Amino acid sequence: MARLAGTSTAVVSYVINNGPRPVAPATRERVLAAIKQLGYRPDRVAQAMASRRTDLIGLIVPDARQPFFGEMAHAVEQAASERGKMVLVGNSDYVAEREVHYLRAFLGMRVSGLILVSHALNDLAAAEIDAWDARMVLLHERPEAIDDVAVVTDDLGGARLAVRHLLDHGNAYVACVGGTAETPAVGDPVSDHVEGWRQAMEEAGIPTEGRLFEAPYNRYDAYRVGLDILSGPDRPPAVFCSTDDQAIGVLRAARELRIDVPGELAVVGFDDIKEAALADPPMTTVASDRSAMARAAVDLVLDDGLRVAGSQRERLKVFPSELVIRRSCGCG
């Protein structure tokens, strides 16, 4: 192949492996033409054995069936593809042992890096990562057990925006559908959403006691919680849900109870999943740039200087939140 391209075997290797040294465009074209003519296919297994790295990125999410995590996983896959990498996805199902299982499996495969969306990274998982000296980026959540590079949303600020908007509509108060008793108090987006709701209510001089309701993050359980909230004697005039999936469940409960949204009840979610725009009515929610977040996470995890601490590396990259106004809040 090198003879056909009129260059050295080292230069051919640089083209095939995309480095480590640059190759002049004209030379690269000759090498690529020779590869095509000879029908050459790189042996990725041999390359991985030689470099002790693969072209794989391991991604662990709580539950890819939930629209938010499915959309996030797709964004990571697209960003990784732009860098010539493939993505392996594992679902932890919010279970610490399954998270550790996938950590061990992916690290054993010598992935180029790990992107972890962890509900509550425990000490065992943190020790596993340290033992392998893994290149890892936390995405969406930043568990208390590990201080690693993280790409997150301004969850607290976004929640305050949403609740202030509902109060500005003249609602006497806003109820909040938060997480469950197992939701971590630190580093979890839902905890920040609840705290943002609490701050916005307190800033308006409105008490929060008895107005926070626990619910799992999915629409099915949130629908049942919504039935309880909306069929009681003290039905709230407005509800802020910590996830869009929960808000979709609450909207379904309202429709079943023949409560007009937004005429009799205002509802706002968080995440801006694609279904939010198709909800009935279209749902006001809080958005962040998931594609940019995914690209930042992939770029960071593939950066050789990822684990450099201190002033040489940003440890926390926060993306702003934006209120996306549709009809469920009373606008439009």
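- Named according to an unreviewed UniProt entry, the chain is Transcriptional regulator, LacI family originating from Streptomyces prasinopilosus.

### Some remarks on the overall build of the chain
Here's step 1: Within the chain one finds 12 helices and 12 strands.
Here's step 2: When each of the 332 residues of the chain is scored for burial, the buried share is 52%.
Here's step 3: Relative to all contacts within the chain whose residues are 6 or more apart in sequence, the contacts with residues 24 or more apart total 71%.
Here's step 4: For the chain, the exposed surface amounts to about 16000 Å²; the carbon and sulfur share of it is 50%.

### Some remarks on the pattern of salt bridges
Here's step 1: The tally for this structure, following the rule as stated, stands at 15 salt bridges.
Here's step 2: Between Arg252 and Glu256 there is a salt bridge, and its shortest N-O distance comes to 3.9 Å. Of this pair, Arg252 and Glu256 both sit in helix H11 (residues 244-256), separated by 4 residues, roughly a single helical turn.
Here's step 3: Arg252 sits in the partly exposed class, given a relative accessible area of 44%.
Here's step 4: Here the salt bridges do not stand alone but share partners, grouping Arg160, Arg164 and Glu203 into one network.

### Some words on the nonpolar core
Here's step 1: Formed by 52 residues in total, the largest nonpolar core has its most connected members in Ile115, Leu139 and Val151.
Here's step 2: Where this core is concerned, the elements lending two or more residues are strand S1 (56-61), helix H5 (67-82), strand S4 (136-139), strand S6 (175-177), helix H10 (219-231), strand S8 (238-241), H11 and helix H12 (290-301).
Here's step 3: Lining this core are residues from two domains, each supplying at least three of them: domain 2 (55-153 + 290-319) and domain 3 (155-287).
Here's step 4: Core analysis: the second largest hydrophobic core is formed by 21 residues, Val194, Trp197, Ala200 and Ile206 among them.

### What about the side chain of Gln246?
Here's step 1: Residue placement: Gln246 occurs in helix H11.
Here's step 2: Take Gln246: its relative accessible area is 0%, and that puts it in the buried class.
Here's step 3: A polar atom in the side chain of Gln246 sits 3.3 Å from the backbone oxygen of Ala215.

### What to know about the sheet that holds S1
Here's step 1: One open sheet accounts for 6 strands, arranged S2-S1-S3-S4-S5-S11; its pairing is parallel. Two strands bound the open sheet, and with one partner strand each, they are strand S2 (86-91) and strand S11 (316-319). Geometrically, the sheet is characterised by an average inter-axis angle of 20° between neighbouring strands, direction not taken into account.
Here's step 2: Bridging between S4 and strand S5 (residues 150-153) involves 2 bridges; their strand directions are parallel. Paired with Leu138 across the bridge in S5 is Ala150.
Here's step 3: On top of the sheet, H5 reaches S1, S2, strand S3 (113-116) and S4; it is set at about 170° to S1, its chief contact.

### Section: the confidence of the model for the chain
Here's step 1: Per-chain confidence: the chain averages 86 in pLDDT, with 85% of residues scoring 70 or above.
Here's step 2: Every residue in residues 307-313 is under pLDDT 50, and counting partners more than four places away or in other chains gives 12 contacts.

Reading guide: rules and limits
- Residues numbered from 1 in each chain as written.
- Predicted model: local features only at pLDDT ≥ 70, side-chain atom pairs only at ≥ 80, totals over all residues.
- Heavy atoms only, no water.
- Helix = DSSP H or I, 4+ residues; strand = E, 2+ residues; numbered from the N terminus.
- Buried < 20%, exposed > 50% of the residue type's maximum accessible area, 1.4 Å probe, protein only.
- Contact = heavy atoms within 4.5 Å.
- Areas by Shrake-Rupley, 256 points an atom, 1.4 Å probe, with all protein chains shown as cover.
- Salt bridge = Lys/Arg side-chain N within 4 Å of Asp/Glu carboxyl O.
- Core = buried A, V, L, I, M, F, W, Y, C linked by side-chain atoms within 4.5 Å.
- Domains from an automatic or database assignment.
- Polar contact = N/O pair within 3.5 Å; in protein donor to acceptor, adjacent residues only side chain to side chain.
- Pairing = 2+ DSSP bridges.
- Axes fitted to C-alpha atoms, helices over the stretch in contact; angles between N-to-C directions.
- pLDDT = per-residue confidence, 0-100.

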